Amino acid sequence: MSERSLDLDDFSDRIERPHGGLRREAEERRARTGLPAGALGRLDELGEWLGTAQARVPVRPVAAPRLVVFAGDHGVARLGVSTREAGDGHALVREALDGASPAAVLARQFDVPLRVVDMALDCDPAQLPAEVTRHRVRRSGGRLDIEDTLTLQEAEEAFRAGMTVADEEADAGTDLVVLGDLSVGGTTAAGTLVAALCGTDASVVTGRGGGGIDDLTWMRKCAAIRDGLRRARPVLGDQLQLLATVGGADLTAMTGFLLQSAVRHTPVILDGVVSAACALVAQRIAFRAPDWWLAGQAGGEPAQTRALDRMALDPLLEQGVAVGGGVGGLLALPLVRAAGALAAELPQRPADGEDGPDGAGPSEPAGRADGESVLDAT
């Protein structure tokens, strides 16, 4: 393989916008339900978004969602930027696989299959199932403050691995993905990417992470992002090189996954700051790609807020959940499924003068005989 054989410019041509021509048809169908405009709030918007993503009206309810979690360890964690020990990402993955993590509990509750993809965990691959480790690029990543997190060849391999996972999910019939991450040091890499792409200082994007770090740890994290930012700025024009410089294998794979999911017309719910940072990089590669994504919830991380604002993505929920692993995205999933069910199953009312389903004049909703609507919008 040559040092660089992946042309990211191809994504701009391969990614189409969702079927915008159907939005008006979806709005007209929604109007025929008889519900007042705005009665369902943001559920109307979500239903229309699903319809345009699926290129069909009425929309097909979400039936086969999947939680896909990319995992990796980051060398920058050795600086003490997290409440967890450096190289402890495999423990987070083991907890998820055993069904004991918050995301695993919610996935089980919502009947959503969980898939974990190890890209750079700092452990012996034999400690985890082969299907988890088969895409691993390397063991841990370089320290982003003083060295590249990946070689360019490793970055391409990780990016292609993310694309492969997206293709596998699309081919398996997954109709919506909740995208999560599990790592130690990942929010530091995410903050560096967001600061670089948004042109902000390290202190503006440095958050407390999922463990609620203390002030001294926050200062170490801010310093690491500041040093990583100095290294990232010279390569801002080359997104793959940027990911190799400060992103790490898991974030690089997530970026490839997001772009290929857009190519395959697979909608994605973003989770927290890490998936938001990857989405921001992906937007730089293909400006139409964010039309295929939803922001699940606002976790309170300043870098996430900056990234979502830059992409004009409005979180569905504001619960302040920062635990990661896909929890925020899973919390938003019932809203998206509810929107799909309503858009698909609400009955249509005939226009004035048209016959109802039995040919005997305008129909009334079932269960009423007094001409009143079942739904009271007051």
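Relevant structure appears above.
Residues numbered from 1 in each chain as written. Predicted model: local features only at pLDDT ≥ 70, side-chain atom pairs only at ≥ 80, totals over all residues. Heavy atoms only, no water.

### Describing unusual backbone geometry
Condition: Helix and strand assignments come from DSSP, with helices taken as H or I runs of at least 4 residues and strands as E runs of at least 2, each series counted from the N terminus. Exposure classes here rest on a 1.4 Å probe applied to the protein chains alone. A residue is buried below 20% of its type maximum, exposed above 50%, and partly exposed in between.
In this model, Val-57 is joined to Pro-58 through a cis peptide bond whose omega is 5°. You can see Pro-58 is positioned in the loop between helix H3 (42–54) and strand S1 (65–73). The phi torsion at Ser-140 lies on the positive side, around 60°, for a residue other than glycine. By secondary structure assignment, the location of Ser-140 is in the loop between helix H6 (130–133) and helix H7 (152–171). Classification of Ser-140 as buried rests on a relative accessible area of 9%.

### Quick look at a negative patch on the surface
Operational definition: Like-charged residues within 9 Å of one another, or nonpolar side chains (Val, Leu, Ile, Met, Phe, Trp, Tyr) within 5 Å, are grouped into patches, provided each residue has over 30% relative accessible area and no salt bridge. With residues, only the protein chains shown are counted as cover, and all accessible areas are computed by Shrake-Rupley using a 1.4 Å probe. Definition used for salt bridges: Asp or Glu carboxyl oxygen within 4 Å of a side-chain nitrogen of Lys or Arg. Under the convention used here, Asp and Glu are negative, Lys and Arg are positive, and both His and the chain ends fall outside the count. Here the site of a charge means atom NZ of a Lys, CZ of an Arg, CG of an Asp or CD of a Glu.
Taken together, the side chains of Asp-7, Asp-9, Asp-10 and Asp-13 present a region of like negative charge at the surface. Structurally, Asp-13 is set in helix H1 (residues 10–14). Accessibility expressed as a relative area gives 69% for Asp-13, which makes it exposed.

### As for the packing of aromatic side chains
Applied cut-off: Two rings from Phe, Tyr or Trp (for Trp, the six-membered ring) form a pair when their centres are within 6.5 Å of each other. A pair whose planes differ by under 30 degrees is stacked, one over 60 is edge-to-face, and the rest are tilted.
The final tally for this structure, using the stated rule, is two aromatic pairs. On the numbers, 5.6 Å between centres and 65° between planes, the contact of Phe-70 with Phe-257 is edge-to-face. Remark: Phe-257 occurs in helix H12 (residues 249–263) and Phe-70 occurs in strand S1; sequence separation between them is 187 residues. The class of Phe-70 is buried, set by a relative accessible area of 0%.

### Describing the nonpolar core
Note the following rule: The term nonpolar core refers to a set of buried residues drawn from Ala, Val, Leu, Ile, Met, Phe, Trp, Tyr and Cys, joined through side-chain atoms within 4.5 Å.
If you look at the biggest cluster of nonpolar residues, it comprises 77 residues, and the most contacted ones within it are Phe-11, Phe-70, Phe-159 and Trp-293. The next biggest cluster of nonpolar side chains, apart from the first, holds 36 residues, and it includes Leu-46, Ala-71, Ala-96 and Ala-107.

### Regarding H7
Rules: Multiplying one less than the number of residues by 1.5 Å gives the expected span of a helix.
For H7, spanning 20 residues, the distance from its first C-alpha to its last is 29 Å, which sits close to the expected 28 Å at 1.5 Å a residue. Downstream of H7 by a residue or two, Gly-173 has a phi angle that is positive, lying close to 90°.

### Remarks on the sheet that holds strand S3 (residues 176–184)
The strands making up a sheet associate through backbone hydrogen bonding, with each pair oriented either parallel or antiparallel. The cut-off we apply is this: Following DSSP output, two strands are said to pair if at least two bridges run between them. Axes here mean lines fitted to C-alpha atoms, for a helix over just the part in contact, with angles spanning 0 to 180 degrees between N-to-C directions. Pairs of residues are marked as contacts when any of their non-hydrogen atoms sit within 4.5 Å.
Reading across the sheet, the five strands line up as S2-S1-S3-S4-S5 and stay open at both edges, with parallel pairing between neighbours. Lying at the two open borders of the sheet, with one neighbouring strand each, are strand S2 (114–120) and strand S5 (293–295). Between one strand axis and the next, the sheet turns through 25° on average, direction left out of account. Sheet analysis places S3 next to strand S4 (residues 268–270), joined by three bridges and oriented parallel. Paired with Leu-179 across the strands is Leu-270, a residue of S4. Across the sheet, H7 touches S1 and S2, and the angle it forms with S2 is around 165°.

Spatial relationships are all this shows, so hold off on functional conclusions.
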